[in-house]
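# Commentary on secondary and tertiary structure
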Amino acid sequence: MLQVSDLTVGYHRDTPVLREACLDLTDVAVHAIVGPNGAGKTTLLHTLAGHLRPTPGVVLCDGRDVTGWRPHQAARVGVALAPQGRRLWPSLTVAEHLTIAQPTRQRPGSAFSIDELLQVFPALTGRLHHHGHQLSGGEQQMLTIARALRTAPRLLLADEPTEGLAPTVAHQVTAVLRQLPQRGVTVLVTVPHVRAAAALTDTVHVLTTGHLSRPVDASDGQAERLLRDHLTLTSPSAE
Ligand SMILES: Nc1ncnc2c1ncn2[C@@H]1O[C@H](COP(=O)(O)OP(=O)(O)O)[C@@H](O)[C@H]1O
Ligand SMILES: [Mg+2]
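An account of the accompanying structure is given in this report.

Basis of the calculations
- Residues numbered from 1 in each chain as written.
- Chains lettered and ligands numbered in written order.
- Predicted model: local features only at pLDDT ≥ 70, side-chain atom pairs only at ≥ 80, totals over all residues.
- Heavy atoms only, no water.
- Near = heavy atom within 4 Å.
- Polar contact = N/O pair within 3.5 Å; in protein donor to acceptor, adjacent residues only side chain to side chain.
- Areas by Shrake-Rupley, 256 points an atom, 1.4 Å probe, with all protein chains shown as cover.
- Helix = DSSP H or I, 4+ residues; strand = E, 2+ residues; numbered from the N terminus.
- Donors = N, O, S within 2.8 Å, 3.2 Å for Na, K, Ca; no water.
- Buried < 20%, exposed > 50% of the residue type's maximum accessible area, 1.4 Å probe, protein only.
- Phe/Tyr/Trp six-rings, centres within 6.5 Å; stacked < 30°, edge-to-face > 60°.
- Lys NZ or Arg CZ within 6 Å of the ring centre and 35° of its normal.
- 1 Å grid on protein atoms, 1.4 Å probe; cavity = no way out; pocket = protein on both sides within 12 Å on 5 of 7 lines; lining within 4 Å.
- Points joined across faces, edges and corners; volume = space filled by probe spheres on them.
- Nonpolar A, V, L, I, M, F, W, Y, C, P; charged D, E, K, R; others polar.

## Some words on the site of ligand 1
- Around ligand 1, a shell composed of Tyr 11, Val 17, Pro 36, Asn 37, Gly 38, Ala 39, Gly 40, Lys 41, Thr 42 and Thr 43 is seen.
- At a separation of 3.2 Å, an oxygen atom of ligand 1 approaches a polar backbone atom of Ala 39.
- Thr 42 places a side-chain nitrogen or oxygen 2.9 Å from an oxygen atom of ligand 1.
- Across the complex, the protein chains shield 56% of the 560 Å² of accessible surface that ligand 1 would expose by itself.
- In terms of residue count, helix α1 (residues 41-48) provides more of the shell around ligand 1 than any other element does, three residues in total.

## A word on the coordination of the magnesium ion (ligand 2)
- For the magnesium ion (ligand 2), the full set of protein donor atoms is Thr 42 (OG1) and Gln 84 (OE1), at a range of 2.0 to 2.2 Å. With Thr 42 in helix α1 and Gln 84 in the loop between β6 (79-82) and α3 (94-100), this residue pair connects regions lying 42 residues apart in the sequence.
- Given a relative accessible area of 24%, Thr 42 falls into the partly exposed group.

## Some thoughts on the packing of aromatic side chains
- With the rule as written, the count across this model stands at zero aromatic pairs.
- Seen from the ring of Phe 112, Arg 183 lies directly overhead, with NZ or CZ sitting 3.9 Å from the centre.

## A look at the layout of surface pockets
- In this model, the largest pocket occupies a volume close to 390 Å³.
- Listed by contribution, the elements that provide at least two residues to the lining of the largest pocket are α2 (71-76), β6 and α5 (137-150).
- Looking at the lining of the largest pocket, the element that brings in the most residues is α2, giving four residues.
- Its residues assigned to classes, the lining of the largest pocket shows ten nonpolar, seven polar and two charged.
- Taken as a whole, the second largest pocket encloses approximately 200 Å³ of empty space.
- Residue lining of the second largest pocket: 13 residues in total, with Thr 162, Ala 170, Thr 174, His 193 and Ala 196 positioned closest to the centre.

Quick look at the structure:
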């Protein structure tokens with residue numbers, strides 16, 4: 001649904017975090033981005049969700065120029081962010097989180113019902129009346145994704161959804177994300193390493209200090225090589 005070209009964005013005018021990034025999210029599929037800490041993964045996702053304004057760059061949504069759109073405009077056409085660090089409301093229960101996340105009015109028919117979300121994440125069923133801060137890290141992550149799915153997204157931006165999770169829980173979350181294209185949801189996910197990307201999709205973009213690669217095969221070593229080359233270039237011993 002989104003096509004991004006030559007996107008440059010940052011927090012200070014003279015020091016862009018991302019430079020001339022190009023990304024094609026027209027396939028209803030899982031698209032993965034892997035890159036070291038500080039490379040700009042969160043910055044990219046926040047830009048697509050309308051929290052940051054690219055200067056310059058072009059973002060097309062269904063062929064329409066939406067560069068610089070605001071979060072409510074992105075949400076209205078079906079872009080949902082499951083943020084890094086989960087950002088739940090500590091004082092709200094699981095049920096309240098799922099109730100206040102309303103489907104966008106334009107796509108009511110494709111919304112996940114709360115019952116469906118509990119089938120997707122059975123671990124939340126017994127936790128409906130617990131507050132955000134009472135949940136385990138895995139349950140918090142499941143709720144973060146469930147809350148985003150409740151809004152009937154066409155594009156789910158999942159920022160480090162397996163960060164800090166035990167391997168079995170990370171595996172469950174990965175399995176859910178992998179299935180979403182079958183429900184018509186495109187996923188853009190950031191992951192910590194190529195192995196995690198390969199569990200989700202065949203191709204991966206490598207993001208290294210502001211430069212986003214074209215999609216490369218996640219399993220043939222090419223992505224690993226791009227990351228390793230970057231680390232060699234930036235490590236102190238290389239100077
Ligand atoms: N709110 C902010 N203000 C200023 N700089 C920021 C802000 N958020 C992130 N940065 C900087 O932007 C760069 C990319 O950060 P980020 O997008 O969070 O990377 P990643 O998600 O890949 O770890 C880092 O150098 C980080 O310090
Ligand atoms: Mg990040």
